[in-house]
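Each chain, letter by letter, is given below.
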Amino acid sequence: MPGQKDWNLIVSRLHRGFFLYFSKDSANSTFPDDESFDWIVCSLTLHYIENWEHVFEQFRRVLKPGGKLLYSVHHPFMDFALSQLKDYFARELLIDEWNKKEAGRVEVVFYRRPLQEIMNVTTAYFALDQIIEPQPIPEFMERLPEAKRLFYERLKLNPHFLIVQAHKEG
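Residues take numbers from 1 onward in each chain, read along the sequence in its written order. Given that this is a predicted model, residues contribute local features only at a pLDDT of at least 70 and side-chain atom pairs are listed and counted only at 80 or more, while totals for whole chains, interfaces and linings are drawn from all residues. Water and hydrogen atoms were dropped before computing side-chain values, which therefore reflect all heavy atoms in the structure.

Would you mind showing me how to read the pattern of salt bridges here?
A side chain of one charge can pair with a side chain of the opposite charge if their charged atoms are brought near each other. Think of a salt bridge as a Lys or Arg side-chain nitrogen and an Asp or Glu carboxyl oxygen that are within 4 Å of each other. According to the stated counting rule, one finds eight salt bridges in the structure shown. Glu-117 serves as the salt-bridge partner of Arg-91, at 2.8 Å between the closest nitrogen and oxygen. Within this pair, whereas Arg-91 is found in the loop between helix H2 (76-80) and strand S5 (92-100), its partner Glu-117 is found in helix H3 (residues 115-125), the two being separated by 26 residues in sequence. Classification of Arg-91 as partly exposed rests on a relative accessible area of 31%. Helix and strand definitions here come from DSSP, where helices need a minimum of 4 consecutive H or I residues and strands a minimum of 2 consecutive E residues; each element is numbered from the N-terminal end. We call a residue buried when its accessible area falls under 20% of the maximum for its residue type, exposed when it is over 50%, and partly exposed in between, using a 1.4 Å probe and counting protein chains only.

And the structure:
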């Protein structure tokens, strides 16, 4: 059995659940035992991985029958403005620059893919329960400084994130 360092994976106890973290090399990683998890929550990470097939195979393998997968990604619409190809249906490597108060300018590299690819990969491994294109609630705007209120309006009218819930049949 491989040791923890051989897995490119950290599994740490977090209350009564587990937190899974996998590295950029996760395409070559293996996960814990078959059918050992009730839930997998993967927030804003999949868009950093070019090919999701191996990751979804592993998610399916470690989920118990009826187990749930909940993940979020950038909405394909949000990142289309950064596209050099101007082809909505292409999977594309994008580079964005973010200004972070703590770190200054940060280059962020990720993949944009069309909604049909997101859904097709998901449903190849799981049964789809729901998708959500979240919008900010009015209380969010009330807490924003005046200078950031345009951000609220932009989020209200343009989808930025996609949340997908699915389950393993069986």
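When you look at the layout of surface pockets in this model, what are you seeing that I'm missing?
A water-sized probe rolled over the atoms picks out the places where empty space is left. Note on definitions: the grid is 1 Å and covers protein atoms alone; a cavity is a set of points where a 1.4 Å probe fits but cannot get out; a pocket is an open set with protein on both sides within 12 Å along at least five of seven lines; lining residues have an atom within 4 Å of a point. Grid points are joined across faces, edges and corners, and a volume is the space filled by probe spheres set on the points. The computed volume of the second largest pocket comes to approximately 620 Å³. Taken together, 17 residues make up the lining of the second largest pocket; nearest its centre are Trp-98, Lys-100, Phe-151, Arg-154 and His-160. The set of elements that each furnish at least two residues to the lining of the second largest pocket consists of H2, S5 and helix H5 (149-157). A total of four residues in the lining of the second largest pocket trace back to one element, the largest contributor, which is S5. For the lining of the second largest pocket, the class distribution of residues is eight nonpolar, four polar and five charged. Three residue categories are used. Nonpolar comprises Ala, Val, Leu, Ile, Met, Phe, Trp, Tyr, Cys and Pro, charged comprises Asp, Glu, Lys and Arg, and polar comprises the others, including Gly.

Quick question: what am I supposed to make of the nonpolar core here?
Taken as a class, soluble globular proteins show a tendency for nonpolar side chains to be buried jointly. Here, the term nonpolar core denotes a set of buried Ala, Val, Leu, Ile, Met, Phe, Trp, Tyr and Cys residues that are joined through side-chain atoms within 4.5 Å. Ranked by internal contacts, the top residues of the largest apolar core, which has 22 residues, are Leu-46, Trp-52, Phe-56, Leu-69, Tyr-71 and Phe-126. Contributing elements (two or more residues each) for this core: strand S3 (37-43), helix H1 (53-62), strand S4 (63-74), H3 and strand S8 (161-167). Residues in contact with Phe-56, not counting those within four places in the same chain, are Leu-46, Leu-69, Tyr-71, Val-121, Thr-122, Tyr-125 and Phe-126. Contacts were defined at the residue level, with two residues in contact if any of their heavy atoms lie within 4.5 Å.

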